[in-house]
Amino acid sequence: MVKNWAIAIGINRYDLLQPLKYAQRDAQLMQEFLRNEAGFETIYFFCDDSPDIAGKSTRPNCTNLLRILRQLFENPFLGAGDNFWFFFSGHGIRHTDRDYLMPCDGDPEDIENTAISINSKKSYLLSYPTPKCSHRCIPPLSFTAH
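The shown structure was predicted, so the numbers you read here are calculated from the model rather than taken from an experiment.

Peer 1: Is there a simple way to explain the overall build of the chain in this structure?
Peer 2: In terms of helices and strands, the chain carries four helices and seven strands. Counting from the amino terminus, helix and strand elements in the chain follow one another as β-α-β-α-β-β-β-α-β-α-β. Classification of the 146 residues of the chain by burial places 45% in the buried group. If you take every contact in the chain between residues at least 6 apart in sequence, the share linking residues at least 24 apart comes to 60%. Summed over its atoms, the accessible surface of the chain is roughly 8,000 Å², and 50% of this surface lies on carbon and sulfur atoms.

What follows is the structure, encoded as structure tokens:
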């Protein structure tokens with residue numbers, strides 16, 4: 001049976017960047033759509049005030065976001081035909097010809113050390129083999145950078 005997984009991230013309140021008004025709401029609506037309309041079974045939700053998951057903070061800072069990606073992808077969890085969606089609504093920055101997602105604690109004066117490179121996030125996904133793919137399968141991505 002096909003399984004559907006997702007991460008939805010919405011950040012309104014930033015430590016060092018201008019706040020946003022609707023990013024958290026966008027992620028909440030996406031989470032609700034994926035769960036109620038698309039039938040996703042597992043959705044990890046990270047926003048300014050989202051509840052902890054299994055005792056772990058879901059504050060959308062760099063450490064927490066990289067931790068969930070690492071934990072999800074260090075052991076295969078997707079089977080043939082399964083889906084994984086990544087939704088981000090928040091600040092994005094282009095720096096040295098690379099695109100970055102800004103977590104709530106991202107520092108615009110130290111982007112390489114405090115932001116999440118889209119290339120590094122893609123590398124988690126692109127390096128993930130699925131059982132019936134001899135090549136690397138590309139899951140859907142969704143970004144709303146402000």
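Peer 1: Would you mind going over helix H2 (residues 62-73) with me for this structure?
Peer 2: Since the α-helix packs 3.6 residues into each turn, any two residues three or four apart lie on the same face. Between its first and last C-alpha, H2 extends 17 Å over twelve residues, near the 16 Å set by a 1.5 Å rise per residue. Within H2, burial applies to Cys 62, Asn 64, Leu 65, Arg 67, Ile 68, Leu 69, Leu 72 and Phe 73.

Peer 1: Help me understand the side chain of Thr 114, please; the structure alone is not making it clear to me.
Peer 2: The topology assignment puts Thr 114 in helix H3 (residues 111-114). In this structure the side chain of Thr 114 is engaged in a polar contact, spanning 2.8 Å, whose partner is the backbone nitrogen of Asp 107. Discounting residues that sit within four places of it in the chain, Thr 114 has contacts with Cys 62, Pro 103, Asp 105, Gly 106 and Asp 107.

Peer 1: So what exactly am I meant to see when it comes to the sheet that holds strand E5 (residues 98-101) here?
Peer 2: Sheet strands associate in pairs through backbone hydrogen bonding, adopting either a parallel or an antiparallel arrangement. Spatial ordering of the open sheet is given by E4-E5-E6, a layout of three strands whose pairing is antiparallel. Edge positions in the sheet fall to strand E4 (92-95) and strand E6 (116-117), since each has one partner strand and no second.

Peer 1: Would you mind showing me how to read the nonpolar core here?
Peer 2: Buried together is how nonpolar side chains tend to be arranged in soluble globular proteins. One finds Ile 7, Ile 9, Leu 72, Phe 84 and Phe 86 to be the most contacted residues of the largest nonpolar core, which totals 30 residues. Contributions of two or more residues to this core are made by strand E1 (4-10), strand E2 (42-47), H2, strand E3 (83-90) and E5. The leading source of residues in this core is H2, at six residues. Among the nonpolar cores identified, the runner-up in size contains nine residues, and Ala 6, Ala 8, Leu 34 and Cys 47 belong to it.

Peer 1: What is the right way to look at unusual backbone geometry in this model?
Peer 2: A negative phi angle characterises most non-glycine residues, just as the trans form characterises most peptide bonds. Not every positive phi belongs to a glycine, and Thr 96 is a case in point at roughly 45°. Classification of Thr 96 by relative accessible area gives exposed; the value is 52%. Of note in the backbone geometry, Asp 97 takes a positive phi value of approximately 60° without being a glycine.

Peer 1: For this particular structure, what's the right way to read the pattern of salt bridges?
Peer 2: Between side chains of opposite charge, a pair can form as their charged atoms come close. The tally for this structure, following the rule as stated, stands at three salt bridges. Between Asp 15 and Arg 59 there is a salt bridge, and its shortest N-O distance comes to 2.9 Å. With a gap of 44 residues between them, Asp 15 in the loop between E1 and helix H1 (23-36) and Arg 59 in the loop between E2 and H2 connect regions that are remote in the sequence. The class of Asp 15 is partly exposed, set by a relative accessible area of 45%.

Calculation criteria
Residues numbered from 1 in each chain as written. Predicted model: local features only at pLDDT ≥ 70, side-chain atom pairs only at ≥ 80, totals over all residues. Heavy atoms only, no water. Helix = DSSP H or I, 4+ residues; strand = E, 2+ residues; numbered from the N terminus. Buried < 20%, exposed > 50% of the residue type's maximum accessible area, 1.4 Å probe, protein only. Contact = heavy atoms within 4.5 Å. Areas by Shrake-Rupley, 256 points an atom, 1.4 Å probe, with all protein chains shown as cover. Expected span 1.5 Å × (residues − 1). Polar contact = N/O pair within 3.5 Å; in protein donor to acceptor, adjacent residues only side chain to side chain. Pairing = 2+ DSSP bridges. Core = buried A, V, L, I, M, F, W, Y, C linked by side-chain atoms within 4.5 Å. Salt bridge = Lys/Arg side-chain N within 4 Å of Asp/Glu carboxyl O.

By themselves, these figures tell us nothing about what the structure is for.
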